[in-house]
Amino acid sequence: DLAQARSGPTCVRQLVQLGADAIQVWAPGRADLSGSDFANMHMGKRSIVLDLRVKPGLEVFKKLVTRADVLVENFRPQVKERLGIAPEDVWKINPRLIYASLSGFGQDGPNVNRPGIDPVIQGYGGLMSVTGPPGTGPSRVGIAISDTASGTFLAQGVLAALYAREKTGKGQWVHTSLLESMINMLDFQATKWLIDKVVPGQTGNQHPIFFPMGMFRTKDGYMNIGAPDFQKLCSLIGLNELGADPRFQQSKDRVPFREELTKAIEGALAAKTTAEWIATIGDTIPAGPVLAIDEVFADAQVRHLNVTRTIKHPTK
């Protein structure tokens, strides 16, 4: 594991969680994440400090490579060439090795040597242009989504390559980038342009092409509602007349009236709290609260799913 920051370590963390024995190769004096974030990204690894720029460190690294199944790195592409640890170099030592690479912009092309980080890629990859309320300007998503996505895609590539090796006996080079992963995550917004030649814009907390599907105010806060059956929703919240309006029978016909319909729905929802509405409609219409992070982990369903586990740190 030569990965640093968040994207490459996301890949390695997933492999560790699947049972891999990971050896983190740490450069002398290297700065990285700290505190709880470091523990989160680098859980379950063994580690060694090696300076790959000098012969003794490189020789130890090559010994590790001879016994490894996978090598993960997220240097800028020219770094592995400069260090002499590119795929062709390590396959001379271990032809069965799966070489997994992550970068900001890809392994070749005009931007190949640029450093890439998540906020830059969110803008470069188009995500910021479709995020946030209309007319407010580009907005960043609150998580490092291109880091997480690219790390996940790379882990999938590693697993596929390991499976292929069972048949061929040979390793291969799998790679992705923050930019490619970010574009992949655009999903139907990208398709709207590539096929329909429509440039999607911002729609805030409402779904770009369906209504009602988004966030609405209640008596004491907010809730998310996704109602494939508009008439059923209207019946449940006391808007039968609106549900029967012939103008609004199809989702495509409701989208142009999104602002008007939102006001009507929020007017009805103002009669009860979020919890009361979820108790009323949650078993019939997809609906849920808008929770802060601490509230997420206190939620009864989340606790039931055992998504977290408490362990004791050996030195703290």
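One structure accompanies this document, and this report is about it. (Residues numbered from 1 in each chain as written. Predicted model: local features only at pLDDT ≥ 70, side-chain atom pairs only at ≥ 80, totals over all residues. Heavy atoms only, no water.)

1. Here we look at the overall build of the protein
Item 1. Check the secondary structure of the protein and you find 16 helices and 8 strands.
Item 2. Taking 316 residues into account, the globule formula puts the C-alpha radius of gyration at 20 Å, and the protein, at 25 Å, lies well above it.
Item 3. The C-alpha extent of the protein, read off along each of the three principal axes, is 80 × 50 × 40 Å.
Item 4. Split into buried and exposed, the 316 residues of the protein put 39% on the buried side.
Item 5. The contacts of the protein with a sequence gap of at least 6 include a subset with a gap of at least 24, amounting to 66%.
Item 6. With 35 positive and 31 negative side-chain charges, the protein shows a separation of 7 Å between the mean positions of the two kinds. (Helix = DSSP H or I, 4+ residues; strand = E, 2+ residues; numbered from the N terminus. Rg over C-alpha atoms; globule rule 2.2 N^0.38 Å. Buried < 20%, exposed > 50% of the residue type's maximum accessible area, 1.4 Å probe, protein only. Contact = heavy atoms within 4.5 Å. Lys, Arg positive; Asp, Glu negative; His and termini not counted. Charge placed at Lys NZ, Arg CZ, Asp CG, Glu CD.)

2. Let's talk about the packing of helix α7 (residues 145-168) against helix α8 (residues 178-185)
Item 1. Packing of α7 against α8 leaves a shortest axis separation of 8 Å and a crossing angle of 100 degrees. In this view, α7 runs roughly perpendicular relative to α8, as classed from their interaxial angle. Contacts between α7 and α8 pair Ile145, Ser146, Asp147, Ala149, Ser150 and Phe153 from the former with Leu178, Ser181, Met182, Asn184 and Met185 from the latter.
Item 2. In terms of residue class, the contact of α7 with α8 is built from 6 nonpolar, 4 polar and 1 charged. (Axes fitted to C-alpha atoms, helices over the stretch in contact; angles between N-to-C directions. Parallel < 35°, antiparallel > 145°, perpendicular 65-115°, else oblique. Nonpolar A, V, L, I, M, F, W, Y, C, P; charged D, E, K, R; others polar.)

3. Thoughts on the sheet that holds strand β4 (residues 98-103)
Item 1. In space, the 3 strands of this open sheet follow the order β3-β4-β5, with parallel pairing throughout. Each edge of the open sheet carries a strand with a single partner, namely β3 (70-73) and β5 (173-177). Strand-to-strand twist across the sheet, computed as the mean angle between neighbouring axes with direction ignored, equals 10 degrees.
Item 2. Both β4 and β5 contribute to a ladder of 5 bridges, which runs parallel. Directly across from Ser103, in β5, lies its bridge partner Ser177.
Item 3. Packed on one face of the sheet, α7 meets β3, β4 and β5 and runs near 165 degrees to β4. (Pairing = 2+ DSSP bridges.)

4. Description of the packing of aromatic side chains
Item 1. Counted according to the given criterion, the structure contains 5 aromatic pairs.
Item 2. For the ring pair Trp26 and Phe38, a centre distance of 5.8 Å and an interplane angle of 75 degrees mean the geometry is edge-to-face. Placement of Trp26 in strand β1 (residues 23-26) and of Phe38 in helix α2 (residues 35-41) is noted, with a sequence separation of 12 residues between them.
Item 3. Ring plane angle 85 degrees and centroid distance 6.4 Å describe the contact between Tyr99 and Trp173, whose orientation is recorded as edge-to-face. (Phe/Tyr/Trp six-rings, centres within 6.5 Å; stacked < 30°, edge-to-face > 60°.)

5. Side note on the sheet that holds strand β6 (residues 213-217)
Item 1. With antiparallel pairing, 3 strands are arranged side by side in an open sheet as β6-β7-β8. Edge positions in the sheet fall to β6 and β8 (287-289), since each has one partner strand and no second. In this sheet, adjacent strand axes meet at a mean angle of 25 degrees when their direction is disregarded.
Item 2. Inspection of the sheet shows strand β7 (residues 222-226) paired to β8 by 3 bridges, in the antiparallel sense. Paired with Met223 across the strands is Pro289, a residue of β8.
Item 3. This element, helix α13 (residues 258-269), spans β6 and β7 of the sheet and lies at about 50 degrees to β6.
Item 4. Where helix α14 (residues 274-281) meets the sheet, it contacts β7 and β8, and its direction lies at approximately 25 degrees from that of β7.

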